[in-house]
Amino acid sequence: MAQGPAPAPAGRLLPAGPPRPQVVALVGALRVRLPVAQSRVTAIGYHSAGPDAIAIHPLGTQANQGAIHRLAHKLFGTGDGGLRYYGISGGQGPATGELDVGAAAGTDVYSPVDGIVLGIAPYVIDGRTYGSRLDIRPDDAPSVVVSLTHLRLDPSLAVGSSVASSTSKVGTVIDFSGVEQQSLARYTQDAGNHVAIQTYSAATTLP
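Residues numbered from 1 in each chain as written. Predicted model: local features only at pLDDT ≥ 70, side-chain atom pairs only at ≥ 80, totals over all residues. Heavy atoms only, no water.

**Concerning the layout of surface pockets**
- Considering only enclosed or pocket space, the largest pocket measures out at about 280 Å³ in volume.
- Lining the largest pocket are 16 residues; nearest its centre among them are His 47, Glu 98, Tyr 123, His 150 and Glu 180.
- Elements with a minimum of two residues in the lining of the largest pocket: β7 (98–102), β9 (115–125), β11 (144–153) and β14 (194–201).
- Of all the elements, β14 adds the most residues to the lining of the largest pocket, at 3 residues.
- Of the residues belonging to the lining of the largest pocket, the class tally is 4 nonpolar, 8 polar and 4 charged. (1 Å grid on protein atoms, 1.4 Å probe; cavity = no way out; pocket = protein on both sides within 12 Å on 5 of 7 lines; lining within 4 Å. Points joined across faces, edges and corners; volume = space filled by probe spheres on them. Helix = DSSP H or I, 4+ residues; strand = E, 2+ residues; numbered from the N terminus. Nonpolar A, V, L, I, M, F, W, Y, C, P; charged D, E, K, R; others polar.)

**Here we look at the pattern of salt bridges**
- Under the criterion given, the structure shown has 2 salt bridges.
- A salt bridge links Lys 169 to Asp 108; the shortest N-O distance between them is 3.1 Å. One end of the pair, Lys 169, is in strand β13 (residues 169–173); the other, Asp 108, is in strand β8 (residues 108–110), with 61 residues separating them in the sequence.
- One salt bridge connects Arg 133 with Asp 135, and the closest N-O pair in it is separated by 3.0 Å.
- For Arg 133, a relative accessible area of 10% gives the class buried. (Salt bridge = Lys/Arg side-chain N within 4 Å of Asp/Glu carboxyl O. Buried < 20%, exposed > 50% of the residue type's maximum accessible area, 1.4 Å probe, protein only.)

Shown next, in the form of structure tokens:
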């Protein structure tokens, strides 16, 4: 009989502080850094997020790719062996339109880019609010908006606030286990809670 997810290690419940600066993905020349401490990451996944989302280029090796691709990585040295991520099928738009960084509920979330807070809004699902949506205009790519969801916003933030990658705390991961079936759960030892990162053109009306 298949066993359910095991409880997260107790160490994940202890304060971890900010992450070491680590680039996990690219959007053009924009470097997207890990938003939670390395010791708290349960899994990293990419999936579609709608037709308006800009494709995010993952760094590392896809852990659930086919045998042929795995062999190519081994033979030709492609990919970054230090990072492993999962491709999650389904949805519309680019297959890597959203980056999900798994972490237990309550984990501190830090800005993935240097920039200015462009917008703060409730994150609404089926008419109910679950935390906030945080939109950041990156200093290195002002034509792009980086949006974070699945988090409880840090009360010190306001529109116009400056944030620094891997340094500025922007919130904490919210428990979504009672809200939706989280796709990342199949690759973690918990319910698949995570912080979600999407990127859009600044000229596009954000969803």
